[in-house]
Amino acid sequence: MLISWRDSADVLRDMLHQHDLDPNRVESPDAAWRVFRVFLSVDVDGLETAPDSDADGFAVSWGRYSWNDGLPSLSLSRHLVVDVSADWAETEWYQPEYWRLRLDMVFPDQPTLADLDQLNAQDSGVYYERPGPGMDNALREVLWEIEQYPTLQALWASMPLRSAVDLERSC
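Residues numbered from 1 in each chain as written. Predicted model: local features only at pLDDT ≥ 70, side-chain atom pairs only at ≥ 80, totals over all residues. Heavy atoms only, no water.

Along its length, the protein chain carries four helices and six strands. Start at the N end of the protein chain and walk to the C end: the helices and strands fall as β-α-α-β-β-β-β-α-α-β. The C-alpha atoms of the protein chain give a radius of gyration of 17 Å, which matches the 16 Å a tight globule of 171 residues would have. Viewed in the frame of its principal axes, the protein chain has a C-alpha envelope of about 55 × 35 × 35 Å. Every one of the 171 residues in the protein chain was classed for burial, and the buried ones make up 46%. Of the contacts made within the protein chain by residues no fewer than 6 positions apart, 74% connect residues no fewer than 24 positions apart. (Helix = DSSP H or I, 4+ residues; strand = E, 2+ residues; numbered from the N terminus. Rg over C-alpha atoms; globule rule 2.2 N^0.38 Å. Buried < 20%, exposed > 50% of the residue type's maximum accessible area, 1.4 Å probe, protein only. Contact = heavy atoms within 4.5 Å.)

Here it is in C-alpha cells:
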C-alpha cells in the first residue's frame, strides 16, 4: 500500500478503527503498538528519495509535558522528511520539510508513574529501518528498553485517559 504523506494521520486513524480502537481513547498501549507496527510497513509517498536522507523513521517517547497538564504520556511517532523541491522557490539551496505523525496517549497519574520524567532516557531514539530484519530488530530494541524500567512497564500496562493522532511539522 502506498499513501500520501499528507494522508498518513487519516490512515493511522482508520487502521486503529479497523482494530476496534478509538483514536481518541485508545484502551491500551500494547494494542496501539500492534497497530502502529503494521502502520510502519505502509509505504509513504512524497518523501525525500536521497539514500542518506533518513526520510522515514519511528520513535517511542514518554514523559510528563505541560501540553498534557503534566500527566504521564506515551507517544508512538513516525518521522517523515518530505520532498518539497517542486514548490521550492530558492534556487541556491533546498531544504526538505520535517513532519511528525504521533499517536499520543495521556494517562491518569498514579504512584507507579511518579518518576516517569526522571528516567535516564525520555525516548527510544529514532530508528530509520524499513520493513524487514532491520526493522524487526529495531522494534525489539524499543520493547527491550521499555522492559528495563519498571515505570515504563507500569505505563505500558495502564489505560490511557485519552489519546490523539496528529500530523505536525517539526523543526
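Let us look at the confidence of the model for the protein chain. Across the protein chain, pLDDT averages 93, with 99% of residues at or above 70. Averaged pLDDT values for the elements of the protein chain fall to 93 in helix H3 (residues 133–147) and rise to 98 in helix H1 (residues 8–18). (pLDDT = per-residue confidence, 0-100.)

Another point: unusual backbone geometry. Although it is not a glycine, Asp 20 adopts a positive phi angle of roughly 60°. Locating Asp 20 in the fold gives a position in the loop between H1 and helix H2 (29–40). When its relative accessible area of 70% is taken as the criterion, Asp 20 is described as exposed. Even without being glycine, Asp 69 reaches a positive phi, approximately 55°.

A separate point is the packing of H1 against H2. Remark: H1 packs on H2, axes separated minimally by 10 Å, with the N-to-C direction vectors making an angle of 135°. Considering the angle they form, H1 stands oblique to H2. In this structure, the crossing between H1 and H2 has a hand that is right-handed. Here Ser 8, Val 11, Leu 12, Met 15 and Leu 16 of H1 come into contact with H2, specifically with Val 35, Val 38 and Phe 39. In terms of residue class, the contact of H1 with H2 is made up of seven nonpolar, one polar and no charged. (Axes fitted to C-alpha atoms, helices over the stretch in contact; angles between N-to-C directions. Parallel < 35°, antiparallel > 145°, perpendicular 65-115°, else oblique. Left-handed = near helix turned anticlockwise from the far one by under 90°. Nonpolar A, V, L, I, M, F, W, Y, C, P; charged D, E, K, R; others polar.)

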